[in-house]
Amino acid sequence: MINFDYIRMGSISSAVKALDKFPDAKIIAGGSNLIDLMKRNVMAPTKLIDINPLPLKYIHTTKQGVQIGALALNSQAADHELIKTKYPLLSMAINAGASAQLRNMATFGGNMMQRTRCSYFYDTTMPCNKREPNSGCSALTGINRMHGIFGTSDVCIAVNPSDMNVALVALDAKVILKSAKKERTIAFADFHKLAGDSPQLDNHLQKNEMITDIIIPENQFYNNSYYLKVRDRHSYAFALISVAAGLEMDGQNIKKVRLAMGGVAHKPWRLYDAENFLQGKTASLQNFEEAAKIAMKGAKSYGHNDFKLALAPSSIVEALLKASHLS
Amino acid sequence: MENLLNLAAEDTDRTDGILKVTGGAKYSAEYQIPGITYGVLVPSTIAKGKINSLDTKAAENAPGVIKVLSHLNVNNSVPRYAKDQALIIDRNINKVFYNDQILFAGQPIAMVIADTYERAVYAASLIKAVYQKAPHQTNLELNIANAVAPNPNAKDYVRNQIDAYKDAEVFIEAEYDQPNHIHNPMELGSIIAHWEGDGLTVYDKTQGVFSSQRHYASLYEIDSKKVRVIAPHVGGAFGMALHSWPYQDATVIAAKITNRPVKTMLTRIQMFTMVGYRPETKQFVGIGASKEGILQGITHKAWAVTSSFDNFTEGTVRPSQFMYKCPNVNTIYRLVKMDVSNPIWMRGPGEATGMYALECAMDELAYKLNMDPIELRLKNYAVINPENELPWSSKFLDECYEIGAKKIGWSNRNPKPASMKENGMLVGYGVGSGVFNAGRSSATARATLDETGKLTIQSAASDIGPGTGIMMKKVAMDSFQTEGKEVFVELGDTNLPPAPTQGGSNTTSTVGSAVYDACTALKEKMVQVYHQFIVTDGQQHAYENFTFKNGAIILGGKSTSYTDLIKKAGLKELTVTRESKAGNERQKYAFNSFAVHFVKLHIHPFTGMVKVVQVVSAVDAGKIISEKQARSQMIGGVVGGIGMALTEEGIYDHRFGVYANNNFADYHVPVHADIPPIDILFVNKPDPYINPIGAKGLGEVSIIGLAPAIANAVFHATGKRVRDLPITLDKITVWES
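Looking at an unreviewed UniProt entry, chain B carries the name Xanthine dehydrogenase family protein molybdopterin-binding subunit, with the source organism given as Pedobacter cryophilus.

In the annotation of an unreviewed UniProt entry, the entry for chain A reads Xanthine dehydrogenase family protein subunit M, and the organism field reads Pedobacter cryophilus.

Caption draft 1: Main features of the pattern of salt bridges. For the structure shown, the criterion picks out 45 salt bridges over all chains. Of the charged contacts, one joins D163 of chain A and K229 of chain A as a salt bridge, the two residues approaching to 2.8 Å between their closest N and O atoms. Within this pair, whereas D163 of chain A is found in the loop between α8 (119-122) and α9 (164-170), its partner K229 of chain A is found in strand β9 (residues 225-230), the two being separated by 66 residues in sequence. A relative accessible area of 8% means that K229 of chain A is categorised as buried. With a shortest N-O distance of 2.6 Å, K685 of chain B and E399 of chain B are connected by a salt bridge.

Caption draft 2: Representation of the interface of chain A and chain B in the model. Each partner contributes to the interface: chain A provides 37 residues, whereas chain B provides 35 residues. Here chain A meets chain B over a buried area of about 2900 Å², counting both sides, of which 62% is carbon and sulfur. Looking only at chain A, the three residues that lose the most surface to chain B are I143, R233 and H234 of chain A, adding up to 21% of its buried area. Between chain A and chain B we count 1 salt bridge in total. R145 of chain A is the partner of D730 of chain B in a salt bridge, and the nearest nitrogen-oxygen pair spans 2.6 Å. At the junction of chain A with chain B, the criterion picks out 11 residue pairs in polar contact (both at pLDDT 80 or more). Contributing elements (two or more residues each) for the side of chain A that touches chain B: α8, β9 and α12 (308-323) of chain A. In terms of residues, the side of chain A that touches chain B owes the most to one element, α12 of chain A, which gives 7 residues.

Caption draft 3: Spotlight on the side chain of S153 of chain A. Residue and element names in this part refer to chain A. Mapping S153 onto the fold places it in the loop between α8 and α9. Of note is the side chain of S153, whose polar atom sits 3.0 Å from the backbone nitrogen of V155. A polar atom in the side chain of S153 sits 2.9 Å from the backbone oxygen of G196. In this structure S153 touches L140, A195 and G196, once residues within four positions along its chain are discounted.

Caption draft 4: View of the pairing of strand β13 (residues 262-265) of chain B. For strand β1 (residues 37-43) of chain B and β13 of chain B, the ladder comprises 3 bridges, and the chain directions are parallel. By the bridge assignment, T37 of chain B is partnered in β13 of chain B with V262 of chain B.

How each quantity is defined
Residues numbered from 1 in each chain as written. Chains lettered and ligands numbered in written order. Predicted model: local features only at pLDDT ≥ 70, side-chain atom pairs only at ≥ 80, totals over all residues. Heavy atoms only, no water. Salt bridge = Lys/Arg side-chain N within 4 Å of Asp/Glu carboxyl O. Helix = DSSP H or I, 4+ residues; strand = E, 2+ residues; numbered from the N terminus. Buried < 20%, exposed > 50% of the residue type's maximum accessible area, 1.4 Å probe, protein only. Contact = heavy atoms within 4.5 Å. Buried area = accessible area lost by both parts, 1.4 Å probe. Polar contact = N/O pair within 3.5 Å; in protein donor to acceptor, adjacent residues only side chain to side chain. Pairing = 2+ DSSP bridges.

If you want it as structure tokens, here you go:
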């Protein structure tokens, strides 16, 4: 770890001003990922801007739905009565991630900024385009059991490791981003990006911007939500495959459906085509299997992760069965 | 030995329990030494080749740096290295920083010593090595053709006919693969070395203070007495601290060269290449029986990984030679030497690996015979050890099958694979047996009774976790028929009477016996004193006529407190030291501990995720000295076995010859939420021949046989045989979707 400067900010305006002034600075909140990356010399910011004092820890209802401050803790949201009753998918996804200790430190903004767990990204002795552009992707022909099957690029097949993100993309969340000069609101689905030819960038956040809020529009999925996480260890482990499923049912008829997957792409992966297929259909094993088949179109594996091509549709079906209370 | 009745709860607690849970137990890195400095190692990033150049200038000029050590400045400063340039590196002779050769990825190539840990870490990042790479080998499969015998004199074992299983009416042949399991106890490898003049004090993470003492003394060719090794608390070791590693030698050398106390603590990543692992092993088992299930032949072959510089050898195929009554057995054991760090014993060493294959093969054979797996084992139950034809000193393995099967509800099991379901989950039951040598070596213990009635027991044994302290205390408590509050134990220090290295399920048998013998000798001495100062009529009373109970020596209804006894003798204390060791009983009997592990698990039919829902382990380890600690130790082994079966695997990226999962996010050990209720059943019958206390030891059998129980349960749940560990969900592929 190299020496770095540390400044602590008391207001949103002073934080974004600091970002403007120090474009290479990194924001630190819970630090549960950034500190690890710094200890391993994967990231070496020369300046940290601590935003913990900022008044962004709230979770409250608004006209649109629920608004969550970027500094709200993961555990705070997962245990929040409003989230548990109206947005249980988010609660389930958060609780499927990490350990209790980490969830007590991790913030919403920080979780969104969590970097991939590709082991080549972490090990500075091996090539990695995400860590060091143009050095090569070790995972393509290396150990790639955890890696992506959707939207991969030939320079990076890493996946976004978050569970929370999968629920948020399924729930049509929006993100408020603030810089010294302006504020913008974008769809959560547009926050993260595919690796493309710039794998060093995980998302579309500009260097002078910070995340201030996450907004989840009101929905009627709360009776039929399920987050399935398939992993190598029950207690805690990053997802091999995860599926977020939210249904709005009218009897056995699916009025609305939201489906997303984790552990499969560089960003939380929304299954729009499968959703379109299921909309207005009956909840049945047959329809779920068809939806899973549709969802798998375009999937591509890389050797160690070949099993995901079979595990992913199986997991989609299981999540839908659970969400619709068919199993 | 009599049991004490009605013991208070605290009398069965660990002697270090409160210290450990309150942070009061000092581990080797936690001693405060004035002027301490910090050593940080730089690992090699290539697997094989040589260091062409090593630029340490920036590191040397970095703030707080005292010294940078490497092959450029260490070699001849170490007397043993200087004396014998041809000295061969093996697991006993590390020769750290000896030359420019790279033998494995993660090999220490330099050490920075600085005034703070952070400054040492930073300076270490500034060291630049330029390597000349050579082609490396880390892939077992690709190197099997180059396998060698473990030593020139090693002979393959043959009992009667080779490959006789092929002539049996029913036989199976199968290959079983097990990956590297990396040593990762909670306490990282750590050491403080402190020279004062020509004397060295080492606070060490070690399983044996005396073997460490000899090792460090040999580096500097000094009298062992000049070296004091202190290790009263060890935060888990499992075999990794059975000998000293390069990081420890580097610290001792650094302390000498800088003339300052130096502390080194490995990082979790460094643990993957610097303290050993259970070696990846490929096995073949051919096993055949008559239609009635009478074994005709066993062929067991193993190919195990070792480093290019050490023939690390385990007893992997040995259990097949005596576990079952079988007329024809042959075994072959080979080493595959590659460009990897050195393996080392890990809990249940060898046998855990070998019994994984044998007990899976027994299950496969049972299914082919359409026979209950337990019935097959009982049909071939050995009463006389078939390898050496000696009777067992004690063997209650049959009872283990019986009580374990009853507890897990084996009779409720429908033997048909993939036939049982519970709450939507596939249900599997599996069984696996464990066996390990019940050893006894030599140890010395001192028992001291002082004028206040306090009894102190001393022996230098390490306590790496099993509760050796309470074991020693409990033996003394039983011997003196007293509660624990007057009994104190000291261990883990070369200033104490010698005890062997803690390993191989030996400590209770060996050190416990020494404590027993020392206590008996102390009681005899007390009887002598009694005759001199209490009974003055000149009459001699036989030792057997005395009773020792609750702080008093009793003869014919007359009770004399220990305090009075010592005071009347005009003494401060009574003390005896006794060495205790095995005798010729080792030639007359076969000595083994046994265990049977039963597992019930659930498998998710859509995802293949495995959840162990119950484990029952029944163990014959002779007399159980401290039931609470023995149970804890068994639970620890079971947890290790669950990791071995389902999650643990050191994964190489063979292109680079490095681990791709050298951290706890990617290398999965089971944690609390992965562990089901575990029932431990003790046969608890003393072994009449092994030692005076009747205890056989159980640290190893706690894990041996657990992994095959899980593998067999996975087969029962799904009908799929997974023959390579760990059994991850992608290998099961039973998805019903």
